[in-house]
Amino acid sequence: MQRIKKGDEVVVLCGRDKGKRGTVLRRIDSDYLVVEGVNRVKKHQRQSAQQEGGILSKEASINLSNLALEDPKDGKPTRVGFKMLDDGRKVRFAKRSGEVIEDKR
C-alpha cells in the first residue's frame, strides 16, 4: 500500500516551491509524483500540424522525499502510518493527529 496516492493533498517540504500545497495528479515512478501547481517548468514546443508552437508552462515531477501528506484535521504536513480497523480493512492514518485518511478515488 502506498503512503501518498493520486488525489491526495500534499505539502512541499523543501526546494524552490517550499510550503506550496497541491493535489497529486499522477505517479511517474515509485519515487516521483506530479503535483498540481508545483514545480512548474517552461517547455519550448515546436509548431506541428495539430499543435501551435510557443513556450508552454507545465508541472514537472517532484521526488517523494520532498513531499508530505496534508493532515486532514489541521492542514499541516504529517507522516503516514497504517493500521487495521475492526472490520479488517487496512487504512492510512495521519501520525500527527491520528485521523484516518480516506481515499478520494
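Residues numbered from 1 in each chain as written. Predicted model: local features only at pLDDT ≥ 70, side-chain atom pairs only at ≥ 80, totals over all residues. Heavy atoms only, no water.

**Observations concerning the overall build of the protein**
Note the threshold: Only DSSP runs of H or I covering at least 4 residues are called helices, and only runs of E covering at least 2 are called strands; the numbering of each starts at the N terminus. A radius of gyration in this sense is built from C-alpha atoms; the matching globule rule multiplies 2.2 Å by the number of residues raised to 0.38. Buried means the residue's accessible area, taken with a 1.4 Å probe over protein chains only, is under 20% of the maximum for its type, while exposed means over 50%, and partly exposed covers the values in between. By definition, residues are in contact when any of their heavy atoms lie within 4.5 Å. For every accessible area listed, the method is Shrake-Rupley and the probe measures 1.4 Å; residues are considered covered only by the protein chains on display. We count Lys and Arg on the positive side and Asp and Glu on the negative side, and we leave His and both chain ends out. Taken as the charge location is NZ of Lys, CZ of Arg, CG of Asp or CD of Glu.
Across its full length, the protein holds zero helices and eleven strands. Helices and strands in the protein line up, N terminus first, as β-β-β-β-β-β-β-β-β-β-β. In summary, the protein has a C-alpha radius of gyration of 17 Å against a globular reference of 13 Å for 105 residues, an excess of more than 25%. Its C-alpha atoms give the protein principal-axis dimensions of roughly 60 × 25 × 20 Å. The burial tally for the protein puts 30% of its 105 residues in the buried class. Taking the intrachain contacts of the protein between residues at least 6 apart in sequence as the baseline, contacts between residues at least 24 apart amount to 39%. Roughly 7200 Å² of accessible area belongs to the protein as shown, and the carbon and sulfur atoms make up 45% of that amount. Once the 25 positive and 16 negative side-chain charges of the protein are each reduced to a mean point, those two points are 5 Å apart.

**Some points on the sheet that holds strand 10 (residues 90-94)**
We count it as follows: Only when DSSP finds a minimum of two bridges between them are two strands counted as paired.
The strand order 9-10-11 describes an open sheet built from three strands, whose pairing is antiparallel. One side of each edge strand has no neighbouring strand; the edge strands of this open sheet are strand 9 (80-84) and strand 11 (100-101). Two elements, strand 10 and strand 11, share two bridges in a ladder whose sense is antiparallel. Bridged to R92 within strand 11 is I101.

Taken by themselves, the reported measurements are silent on function.
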